[in-house]
Amino acid sequence: MRVDDTPDNLDICMGNCGNCPSLPHPPAPFLYCSRGRTETPVNKDGCDCSGCEVFKRYGLEGAYFCAEGAPEAEE
Ligand code: SF4
Ligand code: SF4
């Protein structure tokens, strides 16, 4: 399911990605599972997405959306 770009989901992401050791700097645009990857190079020191409420709610798979982009949406 495609992740909706909503203020609620952005808030959840900022609380989750915001504490991740791999968070790119600058971190824009956040909500990488919806908005896609950052232009900033990412040092992969672990990904906290699997513990995220958005990740669970949308049944996502994978990790490092900040580096790899949004997951493929399944219908
Ligand atoms: S799954 Fe990852 S990228 Fe998506 S909202 Fe959660 S922490 Fe952010
Ligand atoms: S997408 Fe994953 S690796 Fe990237 S900042 Fe969010 S939790 Fe960390």
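Quick summary incoming for the structure in this document.

Rules used throughout
Counting starts from 1 at the beginning of each chain's written sequence and moves along it residue by residue. Labels follow written order: the first chain is A, the first ligand is 1, and so on. The model is predicted, so local features are restricted to residues of pLDDT at least 70 and side-chain atom pairs to those at 80 or more, both for listing and for counting; the totals for chains, interfaces and linings are taken over all residues. Every helix listed is a DSSP run of H or I at least four residues long, and every strand listed is a run of E at least two residues long, numbered separately from the N terminus. As defined in this context, the radius of gyration uses C-alpha atoms, and a globule is described by 2.2 Å times the residue total to the power 0.38. For each residue, a C-beta atom is positioned from the backbone; the residue is called near a molecule or strand if that atom sits within 6 Å of it. Under this grouping Gly is polar, as are all residues other than the nonpolar Ala, Val, Leu, Ile, Met, Phe, Trp, Tyr, Cys and Pro and the charged Asp, Glu, Lys and Arg. We define a nonpolar core as a collection of buried residues of the types Ala, Val, Leu, Ile, Met, Phe, Trp, Tyr and Cys that are connected via C-beta atoms lying within 7 Å of each other. With C-beta atoms placed from the backbone, the exposure class of a residue follows from how many other C-beta atoms lie within 10 Å of its own: 20 or more, buried; 12 or fewer, exposed; in between, partly exposed. Distance between backbone-placed C-beta atoms decides contact: two residues are in contact if it is within 7 Å.

### Concerning the overall build of the protein
Secondary structure assignment for the protein yields 4 helices and 0 strands. Listed by position from the N terminus, the elements making up the protein come as α-α-α-α. The C-alpha atoms of the protein give 11 Å as radius of gyration, which agrees with the globular expectation for 75 residues (11 Å, within 12%). Each of the three principal axes of the protein carries a C-alpha extent, and together these read 30 × 20 × 20 Å.

### Some words on the site of ligand 2
Close contacts around ligand 2 come from Cys17, Cys20, Ser22, Leu23, Tyr32, Cys47, Asp48, Cys49, Ala63, Tyr64, Phe65 and Cys66, and that covers them all. A per-class count over the shell around ligand 2 returns 10 nonpolar, 1 polar and 1 charged.

### So, the nonpolar core
Judged by nonpolar contacts, the single largest core of 15 residues is most densely connected at Tyr32, Cys33 and Val54. What Val54 contacts, discounting residues up to four positions off in sequence, is Val3, Asn9, Ile12, Cys13 and Cys33.

### A short note on the site of ligand 1
Around ligand 1, 14 residues are found, and the nearest of them are Cys13, Asn16, Cys33, Cys49 and Cys52. The set of elements that each furnish at least two residues to the shell around ligand 1 consists of helix H1 (7-16), helix H2 (32-35) and helix H3 (53-57). Looking at the shell around ligand 1, the element that brings in the most residues is H1, giving 4 residues. Considered class by class, the residues forming the shell around ligand 1 number 12 nonpolar, 2 polar and no charged.

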